[in-house]
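Structural overview
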Amino acid sequence: MGAGWTDDGRADAVLVLVTAFEPFGGLAANASWEAASRLPDAVPDGSGGQVHVSRARLPVSFARAGTRIVELMDDLRPDAVVCAGVARGRRTVTVERRAVNTMTGRIPDNDGFRPDGEPVLRGEADRLSATLPVDDLVGAVRAVGVSADPSEDAGLFVCNATYYRALAQAGVRAAEGGVRVPGVVFVHVPGEETLPPGRCARALRAVVEETARGLRAGASTGSGGASAVLARGGAAATRLRSLSRAEGRALRLGISGGVGAGKSTVAEVFRRRGAVVADADELSRRVVEPGAPGLAQVVRAFGGRVLRPDGTLDRGALARLVFSDPRARARLEGIVHPLVGRAARAELAGAPAGGMAVYDVPLLAETGMQGVFDAVLMVDAPLEARLDRLRARGVEPGDARRRIAAQAGTDRRRALASIWIDNAGTAEDLAAVTEDVIDRWLT
Ligand SMILES: CC(C)(COP(=O)(O)OP(=O)(O)OC[C@H]1O[C@@H](n2cnc3c(N)ncnc32)[C@H](O)[C@@H]1O)[C@@H](O)C(=O)NCCC(=O)NCCS
Ligand SMILES: Nc1ncnc2c1ncn2[C@@H]1O[C@H](COP(=O)(O)OP(=O)(O)OP(=O)(O)O)[C@@H](O)[C@H]1O
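An unreviewed UniProt entry lists the chain under the name Dephospho-CoA kinase, from Schaalia naturae.

Brief notes about the UniProt feature "binding site: ATP" (unreviewed entry) in the chain
Following the UniProt record, the feature "binding site: ATP" (unreviewed entry) maps to Gly260, Ala261, Gly262, Lys263, Ser264 and Thr265 here. Looking at the secondary structure, you find Ala261 in the loop between β14 (251–257) and α6 (263–272). Beyond its immediate chain neighbours, meaning those up to four positions away, Ala261 contacts Val379, Asp380, Ala381, Arg386, Arg389 and Asn423. You can see Thr265 is positioned in helix α6. Residue classification places Thr265 among the partly exposed positions, given a relative accessible area of 37%.

Points about the sheet that holds strand β11 (residues 183–189)
Spatially, the seven strands line up as an open sheet ordered β2-β3-β1-β4-β11-β5-β10, and their pairing is mixed. Two strands close off the open sheet at either side, each with one partner strand: β2 (42–44) and β10 (148–151). The mean inter-strand angle of the sheet, taken between neighbouring strand axes irrespective of direction, is 25°. Of the strand pairs in this sheet, strand β5 (residues 93–96) and β11 are connected by three bridges, and their pairing is antiparallel. Considered in β11, the bridge of Glu96 is made with Phe186. Strands β1 (15–21), β3 (50–58), β4 (80–86) and β11 of the sheet are contacted by helix α2 (residues 62–76), whose axis makes an angle of about 165° with β1.

Some points on the nonpolar core
Formed by 70 residues in total, the largest nonpolar core has its most connected members in Val18, Tyr163 and Val185. The greatest single-element share of this core, amounting to nine residues, is contributed by helix α4 (residues 158–176). In this structure Val18 touches Ala36, Leu39, Val53, Ser54, Arg55, Ala56, Val82, Leu204 and Val208, once residues within four positions along its chain are discounted. Formed by 37 residues, the second largest nonpolar core is a distinct cluster that contains Ala250, Ala344, Ala351 and Trp420.

Brief notes about unusual backbone geometry
Its identity as a non-glycine residue notwithstanding, Arg77 has a phi of 50°, on the positive side. Inspection of the secondary structure puts Arg77 in the loop between α2 and β4.

Examining the environment of Lys263
Mapping Lys263 onto the fold places it in helix α6. For Lys263, a relative accessible area of 7% corresponds to the buried category. In this structure the C-alpha to C-alpha distance between Lys263 and Met378, which are 115 residues apart in sequence, comes to 7.7 Å. The contact partners of Lys263, leaving out residues within four places of it in the chain, are Ile255, Ser256, Gly257, Asp281, Asp360, Pro362 and Val379.

A few points about the site of ligand 2
Surveying the vicinity of ligand 2 reveals 17 residues, the closest of which are Lys263, Ser264, Thr265, Arg393 and Asn423. With respect to ligand 2, the side chain of Arg389 contributes an N or O atom lying 3.2 Å from a nitrogen atom. One of the backbone N or O atoms of Gly425 is found 2.9 Å from a nitrogen atom in ligand 2. Elements represented by at least two residues in the shell around ligand 2 include exactly α6, α12 (383–392) and α15 (427–442). If you tally residues by element for the shell around ligand 2, the top one is α6, at three residues.

Here's the deal with the site of ligand 1
Neighbouring ligand 1 are 20 residues; Asp281, Arg285, Arg315, Glu333 and His337 lie closest to it. For ligand 1, a nitrogen atom lies 2.6 Å from a polar atom in the side chain of Glu333. A total of 760 Å² of accessible area belongs to ligand 1 in isolation, and the protein chains cover 91% of it. Of all the elements in the fold, those that place two or more residues in the shell around ligand 1 are α7 (280–286), α9 (315–322) and α10 (326–348). The biggest single contributor to the shell around ligand 1 is α10, with five residues. Taken together, the residues that form the shell around ligand 1 break down as eleven nonpolar, two polar and seven charged.

Criteria and cut-off values
The numbering scheme is per chain: residues are counted from 1 as the chain's sequence reads. Following the order in which they are written, the chains are lettered starting with A and the ligands numbered starting with 1. Whole-chain, interface and lining totals are the exception, using all residues; otherwise, since this is a predicted model, local features are given only for residues with pLDDT of at least 70 and side-chain atom pairs are given and counted only at 80 or more. Side-chain measures were taken over the full set of non-hydrogen atoms in the model, leaving aside hydrogen atoms and water. UniProt positions are given in the numbering used here, feature names are shortened, and annotations may be inferred rather than shown by experiment. In this description a helix means any DSSP run of H or I spanning at least four residues, a strand means any run of E spanning at least two, and both kinds are numbered starting from the N terminus. Contacts between residues were defined by any pair of non-hydrogen atoms, one from each residue, lying within 4.5 Å. Under the scheme applied here, a residue whose accessible area is under 20% of the maximum for its type counts as buried, over 50% as exposed, and between as partly exposed, the area being computed with a 1.4 Å probe on protein chains only. Strand pairing follows a simple DSSP-based rule, namely that at least 2 bridges must link the two strands. Throughout, an axis means a line fitted to C-alpha atoms (over the contacting stretch in the case of helices), and angles, computed between N-to-C directions, take values from 0 to 180 degrees. Throughout this description, the term nonpolar core refers to a set of buried Ala, Val, Leu, Ile, Met, Phe, Trp, Tyr and Cys residues connected via side-chain atoms within 4.5 Å. Nearness of a residue to a molecule or strand requires only that one of the residue's heavy atoms be within 4 Å of it. Definition of a polar contact: a pair of N or O atoms within 3.5 Å, with one able to donate and the other able to accept a hydrogen when the atoms are protein atoms, and with sequence-neighbouring residues admitted only if both atoms are side-chain atoms. Every accessible area reported is derived by Shrake-Rupley at a probe size of 1.4 Å, with residue values counting cover from the shown protein chains alone. Residues are grouped as follows: nonpolar covers Ala, Val, Leu, Ile, Met, Phe, Trp, Tyr, Cys and Pro; charged covers Asp, Glu, Lys and Arg; every other residue, Gly included, is treated as polar.

Shown next as structure tokens:
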């Protein structure tokens, strides 16, 4: 991101867009704009260069602020968006972890509109998470002597709705294929009676400078630093949610994606980097080997037609059966999944504290197991590329399509991904971007 990305013809400059709000609620000034208007046109990037800063004042209007920020993001193509707003009841600067898809006003906005629980964007996710590193930004504000905390969400007023629109817009860009997807965060500043304007401006500047440092760190190494996107050739990783990591045990990472998306290739990179990796497909073969408990159960359920003459499972025959009949599939899954789950847990228990326990599992979204992981990494690739790659591996497109029809779609996968990898380049690009993900975001 940043240097080298000139797809839209823009000069190679790195840009942070900072938005803040006009006054509302009968006050003459808005502390967020007072702070934003004091920002310089460029800030140091921490390695001798500068990152450009563009400021915009938004209306306190549910309808107009969201439209405006989307326009700004489309026109300016910023590398990061820092939204600021005022939260007069709060004592500290707060960096918001997420935006919620609900609008409620205790008072009307500046257009006289007072929503009562309507969605910001109908049919979209209930909440979206910051794509810039919230905890690092909190640390940067504290480092300049201003009290700051992370906050769970941005409330329900215009600030939140604007944040939601900005995150959704970044998601649209990511889904389009991932060039210049900006990291987005929202910062609430207290009112002037709590934090004097000079200190407030210093706090916001600290957020912008930390963001700039992250962007430049990424640009100078060809990956993303604190930013939300890492790219290598045609492969791009987007960080959609912040990652939590518990002390005293291994990081629990789920890797998933549709058939042929590239998850085993990604998992292999993790294995090379020392992770303990459990592969659900491999385990699902092991639990139905001759003599293993699963095989007898499968034969009881489906009969001898799923056995080869040598007594091993005829996987092709079973695949034809279950991918044309959802009830048969559910029956097979009812036998195989518990056995696979048990075997995977046993393997992953061996990962040491401080290491990585990685579960490569195709049906992560379908089985709703995201809660057991600290982070979920989803791999995706254009449909045609998946079909071609699978064909090269001997899987007929018809078979592949039937499996795809039995799997979760992109939206469901995105809704629970912490990291999204678009595998639209070469296998080498995919491996390189995975290495970057490990180095930048997971270690
Ligand atoms: C039907 C079977 C025998 C076909 O075997 P085959 O060797 O052709 O495929 P393999 O197991 O290597 O799976 C390849 C890919 O197919 C897809 N797939 C497999 N099972 C399913 C399923 N139940 N639903 C949707 N997609 C599936 C996944 O993307 C998987 O990565 C086998 O897939 C199976 O036993 N499936 C049921 C168990 C299961 O759900 N496995 C997934 C991980 S636990
Ligand atoms: N970017 C790429 N370019 C070319 N081939 C690729 C690329 N990524 C993966 N492949 C190949 O495509 C095939 C599918 O990839 P992989 O096995 O990693 O996917 P998967 O998601 O684990 O698939 P499955 O669901 O079938 O287990 C493999 O043969 C792999 O080597």
